[in-house]
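# Structural characterization, general
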Amino acid sequence: MTETVSPAIRIVVAIILLMVVAPLVVPLLMSISDTAFIVFPPQGFTLKWYAAVLANPEARGSFLFSLELAAIVTTVSLVLGIPCAAGLTRFKVPGQDIMLGIILSPLIVPLIVTGIALLQFFSMMNFRATLLQLVIGHTVVCLPYVIRSVSASFVLANRNLEDAAAVLGAPPHVVATRIVWPQVRPGILAGGVFCFIVSFDDYPISMWLADGNHFPIPLYLYTVIERSFDPSIAAIASLMIFFALLLVLVIERVFGINLARLAS
Amino acid sequence: MGNPAVTTNRGGGSVSLSGISRRYGASQVVSDVNLEARSGEILALLGPSGCGKTTTLRMIAGLVQPTSGEISIDGKPVTTLPVHRRNLGMLFQNYALFPHMTVLENVAFGLSMRGTPKAEMAHRVKQALALTHLTGFEDRMPAALSGGQQQRVALARAIVYQPKVLLLDEPFGALDKKLREAMQIELRQLCNKLGLTTILVTHDQEEALVLADQIAVMRGGRIEQVASAREVYERPASHFVADFIGTSNFIPSAVLESRNGMTTLAGLSGNVFTSSMTTNLGAGEKAIVAVRPESIRLTPGEPSGGETNTISGNVLRTVFKGQSLSVWLDVPGLEFVCALPIEAIGATPPEPGTRWTANWSAERTLIVREQ
């Protein structure tokens, strides 16, 4: 579809993109500054801050822990979210809207409130498994992303195709794998990617639930900011941005899915 | 195109529905439908939207469970048999081609579900594509095909595994008129060639008349009439059927007498009608006389008197329709429409305001019940 877009719309889009992207460029520029503290605009050029960050066992540990946590959370969210989304879109369930409202509510309630509520809840239960707490906390805030994107793909899936396949002799499990799956796969992958990134970037939930042995990278970044103010902070931030970007690019390349289109 | 593997399957399965009903909550969508499609026959379920025809078809396919009643194919009850084990072919309204599969994969789908060996599969797919004139399109994706081509792929996909029964749900609705007519004739030839029992759902009376051996006219979830195309047209069983199929002039009347295969009726304005249709209505009972516009001859002026099956009035308007001229006469209580073949128009064609008399034969006088 090649439609001519009016110049006014182009300008508005350019401004919005600039506002979204510009702040991301700032840490990138600051991270290469050859100064002992953060300055903007950067002075000189060095990659030593990246080297310092990558050599730091604490930073590495936090980064790996965040990866592990995000992977677990994504798996759990998909396992819970796919059947839930399928059920809510395919069947008429009493109280459907209320259920959906509750599941999506973490998108509305400030995360910090959800975090403190979880902390209180866990301490009342005398529940001390930190990793499990983090997984539960992150899943609560990640699940809405999975549900929304997977539901959308189920709503858009053409039911006629399933009827056609059944008439052609496909038993239900074959209909699910050969007809439904190819249609909902993009939505599931998009949900998974968003879920992973939300978990990986989460600060307000982790802040309440983490401990010294389970210390996600956003928390680490914050403590570093409090301790010192050298460009290694910008290097960590830049690495996180690169990582998220890489994730999206890989998914697009490997699965050939236009995530931007699905996010809308 | 004599290809033994496909044509050996001559003689489709007979389909019979007895006492089939389907209810959704409080609404009765299909009520007590009894139908029989004989082996190799094309049966059309014809009716306006919401008459239950599609639900009936989906019950035969197994996509909808009947609330009550029994469906059997070739004498074997299939009412509780799941869809994927009924071995039917079906053409859906919007073709329902699998968008993520090529033409070849779409057509081969039914065979792969049946565990057909690779070599035989390739052979049969090739035949089905040849039958539907799709050779060379194997590697195309459905989105890259025109409407007519998509329709052919859907057809090839439905017949490739040699089902005994083919179900068609408004198959030509999305095609333009020319293509639709061509596809209808092609489909009819194909069904006859393969000896497939075919059940077709349509709201288009012309389509039903062109394609079907038998037409079941449905209304409000019930069958109004099941008969051959010609009989449904020439001997409609009810006011609804006469109105739905073709155009008719309806004249409210009362039966005078019925004997020796002839029925005499009196119109409300004093006209007398004779019909070669017998009726089980008694003398004095209300009936409706229906006359097809194309059964009518027009003569200028007043009737000569004493004739039956005449009605006269001033011409309201005329419309040229290519093969015929439609003439509306102003008759008390109705606008009486006549379709005059172009070659039957004399030196002075009917002009608005002039007085003309319509007359028709007793064979063309249809008697239908009021609703």
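The model shown is predicted, which means the values in this text are computed figures rather than measured ones. (Residues numbered from 1 in each chain as written. Chains lettered and ligands numbered in written order. Predicted model: local features only at pLDDT ≥ 70, side-chain atom pairs only at ≥ 80, totals over all residues. Heavy atoms only, no water.)

## Some remarks on the confidence of the model for chain B
Selection criterion: pLDDT gives the predictor's per-residue confidence on a scale running from 0 to 100. Throughout, a residue-residue contact means that at least one pair of heavy atoms, one from each residue, lies within 4.5 Å.
Residues with a pLDDT of 70 or more make up 97% of chain B, whose mean pLDDT is 88. Within the model, pLDDT remains below 50 along residues 1-9 of chain B, and this stretch shows 17 contacts once partners closer than five positions in the same chain are excluded.

## Let's talk about helix H3 (residues 103-113) of chain B
Definition in use: We call a residue buried when its accessible area falls under 20% of the maximum for its residue type, exposed when it is over 50%, and partly exposed in between, using a 1.4 Å probe and counting protein chains only. Secondary structure follows DSSP: runs of H or I at least 4 residues long count as helices, runs of E at least 2 residues long count as strands, and numbering of each begins at the N terminus.
Burial analysis of H3(B) places eight of its 11 residues in the buried class, the great majority of the element. Of the positions making up H3(B), those classed as buried are B:Val103, B:Asn106, B:Val107, B:Ala108, B:Phe109, B:Gly110, B:Leu111 and B:Met113. Contact partners of the buried residues in H3(B): helix H7 (159-167) and helix H8 (172-201) of chain A together with helix H4 (118-131) and helix H5 (147-159) of chain B. Backbone geometry just after H3(B) places B:Gly115 at a positive phi near 65 degrees.

## Remarks on the packing of aromatic side chains
In plain terms, the rule: Pairing of aromatic rings covers Phe, Tyr and Trp, the last counted by its six-membered ring, and requires centre-to-centre distances within 6.5 Å; plane angles under 30 degrees mean stacked, over 60 mean edge-to-face, and any other angle means tilted. Only lysine NZ and arginine CZ atoms are considered, and such an atom sits over a ring when it is within 6 Å of the ring centre and within 35 degrees of the ring normal.
Going through the model one piece at a time under the given rule, you end up with 12 aromatic pairs over all chains. Look at B:Phe273 and B:Trp360: their rings are 5.9 Å apart centre to centre, the planes differ by 20 degrees, and that puts the pair in the stacked class. Of the two residues, B:Phe273 sits in strand S13 (residues 272-275) while B:Trp360 sits in the loop between strand S19 (355-359) and strand S20 (366-368), which places them 87 residues apart along the sequence. Linked through ring pairs, A:Phe63, A:Phe196, A:Phe200 and A:Phe243 together constitute an aromatic cluster. The residue whose ring lies beneath B:Arg292 is B:Tyr233, and the NZ or CZ to ring-centre distance is 4.1 Å.

## Some details on the UniProt feature "transmembrane region" (unreviewed entry) in chain A
Residues and elements named next belong to chain A. Cut-off, in case you're wondering: UniProt positions are given in the numbering used here, feature names are shortened, and annotations may be inferred rather than shown by experiment.
With numbering matched to this structure, UniProt assigns "transmembrane region" (unreviewed entry) to residues 12-32, 63-86, 98-121, 127-147, 188-209 and 229-251. Secondary structure across residues 63-86 comprises 100% helix and 0% strand; the distance between its end C-alpha atoms is 33 Å. Taken end to end, residues 98-121 has its terminal C-alpha atoms 22 Å apart, with 75% of it in helix and 0% in strand.

## Description of unusual backbone geometry
One non-glycine residue, A:Asn126, lies in the positive phi region at around 60 degrees. Its location among the elements puts A:Asn126 in the loop between helix H5 (111-124) and helix H6 (130-156). Of note in this structure, B:Asn87 is not a glycine but carries a positive phi near 55 degrees.

## Structural notes on the interface of chain A and chain B
Note the following rule: Accessible surface is computed with a 1.4 Å probe, and the buried area is the amount of it that two parts give up when combined, taken over both parts together. A side-chain nitrogen of Lys or Arg and a carboxyl oxygen of Asp or Glu constitute a salt bridge if their distance falls within 4 Å. Counting of polar contacts relies on pairs of N or O atoms within 3.5 Å, with two restrictions inside protein: one atom must be capable of donating a hydrogen and the other of accepting it, and residues adjacent in sequence are counted only when both atoms are side-chain atoms.
Taken together, the contact between chain A and chain B spans 16 residues of the former and 22 residues of the latter. Between chain A and chain B the total buried area reaches about 1,600 Å² when both faces are included, carbon and sulfur atoms providing 71% of it. At the junction of chain A with chain B, the criterion picks out one salt bridge. Our enumeration of links across chain A and chain B arrives at three residue pairs in polar contact (both at pLDDT 80 or more).

## Points about the sheet that holds S20(B)
All names here are of chain B. This is how the line gets drawn: Any two strands between which DSSP finds at least two bridges are classified as paired. An axis is simply a line fitted to the C-alpha atoms; with a helix, the fit covers only the stretch in contact. Between two such axes, the angle follows the N-to-C directions and lies from 0 to 180 degrees.
Taken together, the five strands give an open sheet; going across it, the order is S13-S12-S11-S14-S20, and neighbouring strands pair in antiparallel fashion. This sheet does not close on itself; its edge strands, each paired only once, are S13 and S20. When the angles between neighbouring strand axes are averaged without regard to direction, this sheet yields 45 degrees. As judged from the six bridges shared by strand S11 (residues 249-259) and strand S14 (residues 286-291), these two strands associate in the antiparallel manner. Following the sheet pairing, Ala254 is matched in S14 by Lys286.

## Here's the deal with H5(A)
Residue and element names in this part refer to chain A. Put simply, the rule reads: Take the number of residues in a helix, subtract one, and multiply by 1.5 Å to get its expected span. Arc definition: it is the arc formed by the directions from the helix axis to the C-beta atoms.
Over its 14 residues, H5 runs 20 Å from end to end, which matches the ideal 20 Å to within 8%, given 1.5 Å per residue. Along H5, the residues that are buried comprise Thr114, Gly115, Leu118 and Phe122. With its buried residues spanning 100 degrees around the axis, H5 presents them on a single face. Those residues of H5 that are exposed and angled more than 90 degrees off the buried face are Ser123 and Met124. Where H5 is buried, its residues contact H6 and helix H9 (204-209). One or two steps after H5, the chain reaches Asn126, where phi turns positive at roughly 60 degrees.

## Overview of the pattern of salt bridges
All names here are of chain A. A full pass over the atoms with the stated rule returns 17 salt bridges over all chains. The residue Arg90 makes a salt bridge to Glu162 at a minimum N-O spacing of 2.9 Å. Residue Arg90 is found in helix H3 (residues 57-90), and its partner Glu162 is found in helix H7; the two are separated by 72 residues along the sequence. In this structure, Arg90 and Glu162 share a single accessibility class: buried.

## A few points about the environment of B:Gly267
Residue and element names in this part refer to chain B. Take Gly267: it is sitting in strand S12 (residues 262-267). For Gly267, a relative accessible area of 10% puts it in the buried group. Separated by 40 residues in the primary sequence, Gly267 and Ala227 have C-alpha atoms spaced 28 Å apart. What Gly267 contacts, discounting residues up to four positions off in sequence, is Pro252, Ser253 and Phe273.

## Structural notes on the nonpolar core
When a protein is soluble and globular, its nonpolar side chains tend to lie buried together. Residue and element names in this part refer to chain B. This is how the line gets drawn: Only buried Ala, Val, Leu, Ile, Met, Phe, Trp, Tyr and Cys residues count toward a nonpolar core, and they belong to the same one when joined by side-chain atoms within 4.5 Å.
With 115 residues, the main nonpolar core has Phe98, Val107, Phe109, Leu167, Ile199 and Ile215 as its most contacted residues. Once residues lying within four places of it in the same chain are set aside, the contact partners of Ile199 are Val15, Ala37, Leu43, Leu45, Leu57, Ile60, Leu166, Leu167 and Leu168. Judged by nonpolar contacts, the second largest core, of 31 residues, contains Ile288, Val327, Ala358 and Ile367.

## Looking at the side chain of B:Ser16
With respect to the secondary-structure elements, B:Ser16 resides in strand S1 (residues 15-24). Contact partners of B:Ser16, with chain neighbours within four places excluded, come to B:Leu35, B:Glu36, B:Glu70, B:Ile71 and B:Ser72.

## A word on the UniProt feature "domain: ABC transporter" (unreviewed entry) in chain B
Per the UniProt record, the feature "domain: ABC transporter" (unreviewed entry) sits at residues 15-245 of chain B. Between the C-alpha atoms that bound residues 15-245 of chain B the distance is 25 Å, and the span itself is 36% helix and 26% strand.

## A closer look at the packing of H3(B) against H5(B)
Residues and elements named next belong to chain B. Our working rule: Note that the term roughly parallel is reserved for angles under 35 degrees, roughly antiparallel for angles over 145, roughly perpendicular for angles of 65 to 115, and oblique for everything else. Here a crossing is called left-handed whenever its near helix is offset anticlockwise from the far helix by less than a right angle, and right-handed whenever the offset is clockwise.
It is at 7 Å that the axes of H3 and H5 come closest, and there the two elements cross at 30 degrees. Relative to H5, the element H3 is oriented roughly parallel. Note on packing geometry: the crossing formed by H3 with H5 is right-handed. Where H3 approaches H5, its residues Val103, Asn106 and Val107 are matched on the opposing element by Val153, Ala156 and Arg157.

## A short note on the pairing of S12(B)
Residues and elements named next belong to chain B. Across six bridges, the pairing between S11 and S12 is antiparallel. Bridging from a neighbouring strand, Arg259 pairs with Met262 of S12. The hairpin formed by S11 and S12 contains two residues between the paired strands, and Asn260 there has a positive phi angle of roughly 50 degrees. Pairing of S12 with S13, which is carried by four bridges, proceeds in the antiparallel orientation. Bridge assignment links Ala266 to a residue of S13, and that residue is Val272.

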